[in-house]
Amino acid sequence: RNTGITKKREADLQKNIRELDYYKYALDESSIVSITDKNGIIIYANDKFCEISKYNREELIGKNHNILNSGYHSKELFEDLWNTITSGKVWRNEIKSKNKEGDYYWTDTTIVPFLNEKGIPFLYTAIRKDITWRKKIEEDILNNESRLKRAEEIAHLGSWELNYATGIGIWSDEACRIYGIEPENNMQSYESWVSFIHPEDMDFVMEKIKDVMEGKHDTSFYMRIIRKDCIVRHIYLETKFEIDSTGKTVGMYGI
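Residues numbered from 1 in each chain as written. Predicted model: local features only at pLDDT ≥ 70, side-chain atom pairs only at ≥ 80, totals over all residues. Heavy atoms only, no water.

Asker: Any chance you could break down the packing of aromatic side chains for me, citing the residues and the numbers?
Answerer: By the definition in use, this model includes 8 aromatic pairs. Judged by centre distance (5.7 Å) and plane angle (55°), the rings of Trp82 and Tyr124 are tilted. Placement of the pair is Trp82 in helix α4 (residues 75-86) and Tyr124 in strand β5 (residues 121-130), with a sequence separation of 42 residues. The exposure class of Trp82 is partly exposed, given its relative accessible area of 35%. Aromatic rings pair up to connect Trp171, Tyr179 and Phe196 into one cluster. Directly above the aromatic system of Phe196 lies the positively charged group of Lys228, at a separation of 5.0 Å from the ring centroid. (Phe/Tyr/Trp six-rings, centres within 6.5 Å; stacked < 30°, edge-to-face > 60°. Helix = DSSP H or I, 4+ residues; strand = E, 2+ residues; numbered from the N terminus. Buried < 20%, exposed > 50% of the residue type's maximum accessible area, 1.4 Å probe, protein only. Lys NZ or Arg CZ within 6 Å of the ring centre and 35° of its normal.)

Put into structure tokens, the structure is as follows:
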């Protein structure tokens, strides 16, 4: 027996074990981690998993992740999850779960299958990041946009913004309705807006636009438009400039 080679192998093994411990420590400190067997039964749950789920480790071990099912997602999503990982592929998506106390939370979830020598999964590791705060912001933005749309509709007031870099204007749903176009066509160029201006008002409006562009000041004025259905509308506009941190004018917006 070559004692020197044996000791080197033992030293290498210990080094590899220490490195794995470091990786596990880093993962446990930064992520929500669970491991399930080939049938999806939880056999490991780290502290962050217990913390966010409100279940202690003993309550999680031996269960599957249905214990956290929020009822938010479709059956098809979980079928896709299971079909993907049992075929040996990594699955990733955002999942809404419900903790023991009945509160909901969101995680960015990645599930990695571990394969045996035949390429068959025998363990699944789920690594999650808590993204509840981001989903809450997204929900608040959607709610605010919905409230703004309702307010614009009630007031019969449309809003718009024009990006100088792209030359494209984004119109609100109510602005589209005022101009007689479908809301799904809310990306309009400056030229398309000009095409709506009543011919008798064109010189006046162009002079206003020239004055605004040269002076870089906000303005308001009345004008008429002719819609595609030939209906004439009297429009009141207010415009403002969007200035970046360097003082450069990057766009316009208004009502």
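Asker: Just give me the short version of the pairing of strand β6 (residues 160-163), but keep the residues and values in it.
Answerer: A regular strand carries its side chains on alternate faces of the sheet. On β6, burial follows the alternation: Trp160 and Leu162 on one face are buried, whereas Glu161 and Asn163 on the facing-out side are not. Looking at chain direction, β6 and strand β7 (residues 168-171) are connected through 4 bridges and run antiparallel. Paired with Trp160 across the strands is Trp171, a residue of β7. Where β6 hands over to β7, the hairpin turn is made up of 4 residues, of which Gly167 adopts a positive phi near 75°. Note: β6 against strand β11 (residues 249-254), 4 bridges, orientation antiparallel. Bridge pairing in β11 places Trp160 opposite Gly254. (Pairing = 2+ DSSP bridges.)

Asker: Quick rundown of the sheet that holds strand β9 (residues 219-226)? Include the residues and the values.
Answerer: Spatial ordering of the open sheet is given by β8-β7-β6-β11-β10-β9, a layout of 6 strands whose pairing is antiparallel. Unpaired on one side and paired on the other, β8 (187-189) and β9 mark the two borders of the sheet. Recorded for the sheet is a direction-independent mean angle of 30° between the axes of neighbouring strands. Strand direction decides the pairing type here: strand β10 (residues 232-243) and β11, joined by 5 bridges, are antiparallel. Paired with Lys240 across the two strands is Tyr253, which belongs to β11. (Axes fitted to C-alpha atoms, helices over the stretch in contact; angles between N-to-C directions.)

Asker: How would you sum up a nonpolar patch on the surface? Please name residues and give values.
Answerer: Taken together, the side chains of Trp133, Ile137 and Ile141 present a nonpolar region at the surface, about 340 Å² in accessible area. The exposure class of Trp133 is exposed, given its relative accessible area of 58%. (Patch = residues over 30% accessible without salt bridge, like charges linked within 9 Å, V, L, I, M, F, W, Y side chains within 5 Å. Areas by Shrake-Rupley, 256 points an atom, 1.4 Å probe, with all protein chains shown as cover. Salt bridge = Lys/Arg side-chain N within 4 Å of Asp/Glu carboxyl O.)

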